[in-house]
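Chain by chain, the residues run as shown.
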Amino acid sequence: MMEEAIKTAIPSSADGMSRIDGRAKVTGKAKYAAEYRPDGLAYGVLAGSTIAKGTVTAIDIARAEKAPGVLAVVTHFNSPKVPGHQKPKKPTKKAGPILVFNDNVIHYNGQPIAMVIADTYERALYAASLVKATYNKQAHDTKPPSDISMGIAPWGKDSVRGEADAWKNAPFKLEQEYVIPTEVHNPMELHAIIAKWDGADKLTVWDKTQGTQATRDDIAKAFNIPAANVQVIAKFVGGAFGSALQVWPHEIAAILGAKLVRRPVKLVLHRQDMFTSVGHRPYTWQKVGIGATADGKLVGITHEAVGQTSTYEDFAEGPINVSKGLYACPNVTTRYKLLSLNIGTPTWMRGPGEATGAFALESALDELSYQVKIDPVQLRLINYAKVDPENGKPYSSKYLDEAYKMGADQIGWENRRQEAGAVKKDGWLVGYGMGGGMFGAYRDSATVKAVMRADGTLLLQTAVTDIGPGTGTAMVLIAADIMGLPADKIKFEMGDSSLPNAPMQGGSATTATVGGAVYDACTELKQKFQKLIGNGGTDNPDYAKILSDKNLAGLDVTTQSSLGADAQNKYSMQAWSVHFTRVLVHPATGVVKIDKVVSVADSGKVISQKTARSQLIGGAIGGIGMALMEDAIIDHRYGRYVNNNFADYHVPVNADIPQMEALFVNKPDSHINAMGAKGMAEISLIGMAAAVANAVFNATGKRVRDLPITPDKLI
Ligand code: MOS
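Scope of this entry: the structure provided in the associated data block.

Examining the nonpolar core
And step 1. In terms of nonpolar packing, the biggest core is built from 86 residues, with Ile-290, Leu-298, Phe-580 and Leu-628 touching the most fellow members.
And step 2. Examining the composition of this core, we find that nine residues originate from one element, helix α8 (residues 354-372), more than from any other.
And step 3. In this structure Phe-580 touches Val-377, Ala-403, Tyr-404, Gly-407, Ala-408, Ile-411, Trp-413, Gly-433, Met-434, Lys-596, Val-597 and Val-598, once residues within four positions along its chain are discounted.
And step 4. Membership of the second largest hydrophobic core comes to 39 residues, among which are Ala-479, Leu-485, Val-514 and Ala-677.

This is how it looks when you write it as structure tokens:
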């Protein structure tokens, strides 16, 4: 089946099997974390700090406590202590994850300081409005970085490959600053949890999480109970792109609240909490110096970055990684630092680090292309890395050059001119741009249980979650191919920490990881059947008949599977992408219309054509948001986000999205797993913002280096 559905170099189309859970999702049958109804369910609502730095001196909860239906009002004054929340012995600046209701210290505006639990949501919401805190206010700092010297928390080491700052000696060179603002996670499903204690030390939670077992382990640690006593269920996740990779304060709050009122407690964040308390893509200042010879050979790259973090915890990512790895450049210097501010801690967000870095690097390369007068695709081919420039290792697979060609052909790159403002159509300026990306192709360890039942249907079980890409669909396609079964005879059960071990869904690793385990488990199960019937078996066993002949109720295997150390040591494993855009810019209003997008992924073999296409398009749309719209703005007088809602924080909607095409090189990587499939989540976004910015320059001659590219920056 997989063979049938997949041909090399997949064109953009919606062919292929539809999502196995599509009907459940569109009919409301799919149950998300907030939709469970355990008996006695109570409702928690958080109240947040209205200052950005200082201490809480008093919290008046008298009126809230007397409000109808209120079961408890929790603050740091009366909260049950979370046993795993120990203050570090030596107080350091970075104390680690914020300890909810633990002390009176305010680190950021909106930090949870109280939780009302009531018998209905409306009553909890009303009572929470009656909670009044008084503060000892201190001067806060929310102003983001604007220079490398502001990075006061070095993370990792400065890195020099070859000669330091060698770009300065090149005949053609430039040095520019690039800024990406804070972007926030805004999946359709808000972060939500229902916590239910069973006695003093058994806990069930329905949670929005990207990893049922990681969340289980973190909760068990916090509440000092055995992990085996905690069950985390996340059967469906309504979109997650990094924000559900860790346990946040609201989850701990709901769990301790449920303990206090001895009832299950549900806590759903409000949209404005999504801006403060579940991380964000950090505002990052970058400076790139880049130099080349007249024939376009890169002489050196220096990439500096300062990201923002909170005052209580470090969050670091890899914005400078792309400069180390994307091109065969002999001299690369990178410096990366953090600036602590009175904000909530940032977190991973689709293409974390690399998406930020690729905006700077791929913009700088585009600027260079106009200096050396070489087509940007050609410039990239001149500097094509055939081996990993950091360590000299061969790639497990790399067909990025083919991706460049596919994308250029499809967008009509030959119509582009290596001169800004040269092409016009119907009163609009027309520009073409491109930008590429890379991200590590990871494969972790996972265990899958495969059960063939008497009726000839196959059940696959593992703890992984599906945060949206269609993991179940891809897993069913892998199993169908090996077992020789139709997809509707296969059930993939997931999203429960009590199922066999699987890592979090993050870092684009699930198809390679869990897919590898599904492949191995199914192969083993099929062999078990073939052994049963003897004579070397058959290629297409009739499973139900064999079970019935042998008088068996079923047959199962549990298989653990991971990447061999050999592959890991020998090869550099990466996934690649390139995005091409055509934009129209109105010369009078500065309005940018994305006219066409062609995104090409070199992510190994494509398993599920339809969901892979959706994934690639979805990520590229995220890149359009990054390029043109997303910008979480703080009013620095109060240290408070002012556009913390969907009216003011803009994300692309259907009307903003043009013809999108997703292409796949679709050549297997023979080292990562038996299917040859690499991840493609992060690369779907990485490089896209630069592709838009470069097209805008090509159209207008205006280089915007601080995102988002709003009309005021173009007129
Ligand atoms: Mo991944 S950062 O969870 O898109």
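Describing the side chain of Thr-333
And step 1. Checked against the element boundaries, Thr-333 lands in strand β18 (residues 332-341).
And step 2. Residue Thr-333 is classed as buried on the basis of its relative accessible area of 2%.
And step 3. Those residues in contact with Thr-333, other than ones at most four positions away along the chain, are Ser-159, Val-160, Glu-163, Ala-164, Asp-165, Ile-301, Thr-302 and His-303.

Here's the deal with the environment of Ala-139
And step 1. Within the secondary structure, Ala-139 sits in the loop between β6 (132-137) and β7 (153-154).
And step 2. Expressed as a C-alpha distance, the spacing of Ala-139 and Asn-342, which sit 203 residues apart in the sequence, is 9.8 Å.

Examining the packing of aromatic side chains
And step 1. Tallied over the entire structure, the rule returns 14 aromatic pairs.
And step 2. Residues Tyr-178 and Phe-359 carry aromatic rings whose centres are separated by 5.9 Å and whose planes lie at 90° to one another, so their mutual orientation is edge-to-face. You can see Tyr-178 sitting in strand β9 (residues 172-180) and its partner Phe-359 sitting in helix α8, a full 181 residues away along the chain.
And step 3. Among the residues examined, Tyr-178 registers a relative accessible area of 0% and is labelled buried.
And step 4. What makes Phe-359 buried here is its relative accessible area of 1%.
And step 5. Taken together, the ring pairs in this structure connect Phe-275, Tyr-641 and Tyr-649 into an aromatic cluster.
And step 6. Sitting over the face of the ring of Trp-197, Lys-259 holds its NZ or CZ atom 4.3 Å from the ring centroid.
And step 7. The ring of Trp-576 is capped by Lys-398, whose NZ or CZ atom sits 4.2 Å from the centre of that ring.

As for the sheet that holds strand β2 (residues 54-60)
And step 1. Read across the open sheet, the three strands follow the order β4-β2-β6; overall the sheet is antiparallel. Bordering the open sheet on either side are β4 (105-106) and β6, each of which pairs with just one other strand.
And step 2. Two elements, β2 and β6, share six bridges in a ladder whose sense is antiparallel. When the sheet's bridge partners are listed, Ile-59 is paired in β6 with Ala-133.

A few points about the environment of Gly-537
And step 1. Position of Gly-537 among the secondary structure elements: in the loop between α12 (510-533) and α13 (543-549).
And step 2. In this structure Gly-537 comes out as partly exposed when scored by relative accessible area, which is 27%.
And step 3. Residues Gly-537 and His-107, spaced 430 residues apart in sequence, show a C-alpha to C-alpha distance of 65 Å.

Some details on helix α6 (residues 249-261)
And step 1. Between the first and last C-alpha of α6 there are 18 Å, a value that for 13 residues agrees with the 18 Å anticipated at 1.5 Å per step.
And step 2. Every buried residue of α6 is accounted for by Pro-249, His-250, Glu-251, Ile-252, Ala-253, Ala-254, Ile-255, Leu-256, Gly-257, Ala-258 and Val-261.
And step 3. Two residues or fewer past α6, Arg-262 is found with a positive phi of approximately 55°.

A word on the sheet that holds strand β23 (residues 490-493)
And step 1. As summarised here, the arrangement of the four strands in space is β23-β22-β21-β24, forming an open sheet in which the pairing is mixed. The strands lining the two open edges of the sheet, one partner per strand, are β23 and β24 (554-561). For this sheet the average axis-to-axis angle between neighbouring strands, irrespective of direction, equals 15°.
And step 2. Taken together, the eight bridges between strand β21 (residues 446-453) and β24 define a ladder with antiparallel strand orientation. Opposite Val-451, over in β24, you have Asp-556 as the bridge partner.
And step 3. Contacts from helix α11 (residues 471-483) reach β21, β22 (458-461) and β23 within the one sheet, and its direction differs from that of β23 by about 140°.

Details of the packing of helix α15 (residues 609-628) against helix α16 (residues 688-700)
And step 1. For the pair α15 and α16, the least separation of the axes is 7 Å and the interaxial angle reads 55°. Considered as vectors, α15 and α16 are oriented oblique to each other. Considering only the axes of α15 and α16, their crossing is right-handed. In contact with Ala-620, Gly-623, Ile-624, Met-626, Ala-627 and Leu-628 of α15, α16 contributes Met-688, Ala-689 and Val-692.
And step 2. Residues of the contact of α15 with α16, tallied by class, amount to eight nonpolar, one polar and no charged.

Some details on the pattern of salt bridges
And step 1. Summed over the entire model, instances satisfying the criterion amount to 25 salt bridges.
And step 2. Here Lys-25 makes a salt bridge to Asp-21, at a shortest N to O gap of 3.8 Å.
And step 3. When the shortest N-O distance is used, the salt bridge between Glu-367 and Arg-705 registers 2.9 Å. Of this pair, Glu-367 sits in helix α8 while Arg-705 sits in the segment after α16, and the two are 338 residues apart along the sequence.
And step 4. Since its relative accessible area comes to 11%, Glu-367 is described here as buried.
And step 5. Exposure remark for Arg-705: the relative accessible area of 22% places this residue in the partly exposed category.

Some details on the environment of Asp-549
And step 1. Inspection of the secondary structure assignment puts Asp-549 in helix α13.
And step 2. Overall, the relative accessible area of 53% leaves Asp-549 in the exposed class.
And step 3. The spatial distance from the C-alpha of Asp-549 to the C-alpha of Ala-699 is 71 Å, given a sequence separation of 150 residues.

Some words on the pairing of strand β14 (residues 265-268)
And step 1. Pairing between strand β1 (residues 42-48) and β14: three bridges, direction parallel. Of the residues in β14, the one forming a bridge with Ala-42 is Val-265.
And step 2. Pairing analysis gives four bridges linking strand β11 (residues 192-198) to β14, with the strands arranged antiparallel. By the bridge assignment for β14, Ile-193 is matched with Leu-267.

As for the pairing of strand β16 (residues 284-292)
And step 1. Burial of β16 is extensive: eight of the nine residues sit out of reach of the surface.
And step 2. Inspection of the sheet shows β9 paired to β16 by nine bridges, in the antiparallel sense. Its bridge partner being in β16, Glu-177 is matched across the sheet by Lys-287.
And step 3. Count of turn residues in the β16/strand β17 (residues 298-310) antiparallel hairpin: five residues, of which Gly-296 carries a positive phi of about 90°.

A closer look at the packing of α11 against α12
And step 1. It is at 9 Å that the axes of α11 and α12 come closest, and there the two elements cross at 30°. In terms of orientation, α11 and α12 fall into the roughly parallel class. The handedness of the crossing between α11 and α12 comes out as right-handed. Of α12, the residues touching α11 (which contributes Thr-471, Met-475, Ile-478, Ala-479, Ile-482 and Met-483) are Thr-510, Thr-511, Val-514, Gly-515, Val-518, Tyr-519, Cys-522, Thr-523, Leu-525 and Lys-526.

A look at the side chain of Glu-354
And step 1. Examined against the element boundaries, Glu-354 turns out to sit in helix α8.
And step 2. It turns out Glu-354 is buried and unbridged, and the closest side chain with the opposite charge, Arg-281, is 8.2 Å from it.
And step 3. Within the structure, Glu-354 has its side chain in polar contact with the side chain of Asn-321 (distance 3.2 Å).
And step 4. Each residue touching Glu-354, except ones within four places of it in the same chain, is listed here: Gly-318, Asn-321, Val-322, Met-438, Phe-439 and Ile-686.

Calculation rules
Residues numbered from 1 in each chain as written. Predicted model: local features only at pLDDT ≥ 70, side-chain atom pairs only at ≥ 80, totals over all residues. Heavy atoms only, no water. Core = buried A, V, L, I, M, F, W, Y, C linked by side-chain atoms within 4.5 Å. Buried < 20%, exposed > 50% of the residue type's maximum accessible area, 1.4 Å probe, protein only. Helix = DSSP H or I, 4+ residues; strand = E, 2+ residues; numbered from the N terminus. Contact = heavy atoms within 4.5 Å. Phe/Tyr/Trp six-rings, centres within 6.5 Å; stacked < 30°, edge-to-face > 60°. Lys NZ or Arg CZ within 6 Å of the ring centre and 35° of its normal. Pairing = 2+ DSSP bridges. Expected span 1.5 Å × (residues − 1). Axes fitted to C-alpha atoms, helices over the stretch in contact; angles between N-to-C directions. Parallel < 35°, antiparallel > 145°, perpendicular 65-115°, else oblique. Left-handed = near helix turned anticlockwise from the far one by under 90°. Nonpolar A, V, L, I, M, F, W, Y, C, P; charged D, E, K, R; others polar. Salt bridge = Lys/Arg side-chain N within 4 Å of Asp/Glu carboxyl O. Lys, Arg positive; Asp, Glu negative; His and termini not counted. Polar contact = N/O pair within 3.5 Å; in protein donor to acceptor, adjacent residues only side chain to side chain.

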